[in-house]
Each structure stands twice: as C-alpha cells, then as structure tokens.
Amino acid sequence: MSNLNNKVALITGGSKGIGYGIAYALMQQGVNVAITSRSAESAQKAAGQLNADVSTAKAIGLEADVRQLESQQQAVKTTVETFGQLDIVIANAGLGHFGSIEDLTSQQWNEVIDTNLTGVFNSIKASVDALKVSKGYYITISSLAGTNFFAGGSAYNASKFGVTGFTQAVMLDLRKYGIKVSTIMPGSVSTYFNGNEPSDEGAWKIQIEDIGELVVDLLKMHPRTLPSKIEVRPTTPPSK
C-alpha cells in the first residue's frame, strides 16, 4: 500500500490510547477510519476530535464489543456501507487484570481472555471476506507480555501469548489471498491502560504516536516483504 490515500481502516478500541494514536497517524495519510468502543459516546467523541484535528480524512465512531462476533460483524458492515470498502483492520482493544493466581477471579480471567484473545479472533472472522476483496492488512496489537511472563500476569500473559501465536497462524492461513498479517508487541506505552494517567514522568515510554508511525511504515512497506512479528520497546527505561 505505497499510497494510503482513500484507504479505509477499522480500529477496535480506538477511542483512546494506542488505537487513537494509530487512527490519527492513518488519517494524516488520508486513510478514512472507523474507531470502536464499548461506549458509543466515547467512540463518537473521539471521532469528532479526530475530524477536528485532521482534515485529510474522515473518522466515524461506532459502538462495538469485540467479545461478541455479531457486534464486530455489524461494525464491519457499517464501515463498508459508510466508506465503500475495508482495507485495514487493527485489532487493538484490550484490558488487563493483574494479581496472583490465588486472588484472580474467574470473572477477571474470562474478561481478559474474552476481550484480548477472543476479541482478536472475532475481529478477523468478521472482516476476512472484506479483506479478501481489498487484499488488505490485518494487524493485531499484542505485547512484550506475549513472550515474557511475569508474576501476577497469568491472565494477561495467557491472552497476549495467545494473540501472538494466533496472529502468526492466521498470517499463514491468509497470505494465499494476498492478505498481509502482522502483530505488534509493544513494551511500556504511555496510555490510560490499567488506570495509568499519561504524564511527563512517562516521557521515557513509547508514545502512542510512535505506534501510529510504526503502523504507517508497515502499511507502506514493499509488498514483497512482511514483518510478521515486531517487538518494540522503550530505548532507555529509567534506572532502578
């Protein structure tokens, strides 16, 4: 996709954080975007801000829950009806519950797995037919926690290890259709994830615009080459 102008992207969990940063970067390249959130108000507010800040493309906000396949199918349907096509899907929606396995509840486990892993499955199942038509690109947002485990991270590690493996298998399934598939595995990112509040103290972290720039670079790479799994981390974390 050397020229991204007038391409169309669907970004799950796009109302803030990494998803919002990707939406902003894509719109600057002329990509029309549909961003989703479980809250219609949050999605529409974020889309309004994107449209106010970037004049080179259009954003729409959609209420959708990645845990429900039918909800994702409706988001894809609305995106295609609005923009006429679908070229890029970014499976970004995610959350985390952390704590010892002794304390982690089954409800917390299910919420993490259903959102972070099953949501990624639902996103591609809902969009694969449209991506076949466009010979598009499917990108999942995993994490360095998808290859590095840590105490208190059993649910989150399981979900992100799953996303990493799932995406690589899907890449092999879909490349025969001309669909490119990659997973991005960020380390510490300055977002609102898990109750964090972005501030100047987090300037050492990866910023959401950095992930946006990375996505643009992936999309513009020569089609003969596919970076299928990308680890990205802060250059210089603070000393302990």
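Our structure's up above, just so we're on the same page.
Residues numbered from 1 in each chain as written. Predicted model: local features only at pLDDT ≥ 70, side-chain atom pairs only at ≥ 80, totals over all residues. Heavy atoms only, no water.

**Here's the deal with the overall build of the protein chain**
Part 1 of the argument: What the protein chain contains, in helices and strands, is 6 helices and 7 strands.
Part 2 of the argument: A globule of 240 residues ought to have a C-alpha radius of gyration of about 18 Å, and the protein chain, at 17 Å, matches this closely.
Part 3 of the argument: The buried share among the 240 residues of the protein chain stands at 49%.
Part 4 of the argument: By sequence separation, contacts in the protein chain at least 24 residues apart represent 70% of the contacts at least 6 residues apart. (Helix = DSSP H or I, 4+ residues; strand = E, 2+ residues; numbered from the N terminus. Rg over C-alpha atoms; globule rule 2.2 N^0.38 Å. Buried < 20%, exposed > 50% of the residue type's maximum accessible area, 1.4 Å probe, protein only. Contact = heavy atoms within 4.5 Å.)

**Regarding the environment of Met221**
Part 1 of the argument: Structurally, Met221 is set in the loop between α6 (208–220) and β7 (229–232).
Part 2 of the argument: Owing to a relative accessible area of 30%, Met221 belongs among the partly exposed residues under this scheme.
Part 3 of the argument: For the pair formed by Met221 and Met1, sequence separation is 220 residues and the distance between their alpha carbons is 7.3 Å.
Part 4 of the argument: Beyond its immediate stretch of four places on either side in the chain, Met221 contacts Lys180 and Pro227.

**Here we look at the side chain of Ser159**
Part 1 of the argument: Mapped onto the fold, Ser159 is located in helix α5 (residues 154–174).
Part 2 of the argument: Given a relative accessible area of 0%, Ser159 falls into the buried group.
Part 3 of the argument: For Ser159, the residues in contact, after removing those within four places along its chain, are Val112, Ile113, Asn116 and Leu117.

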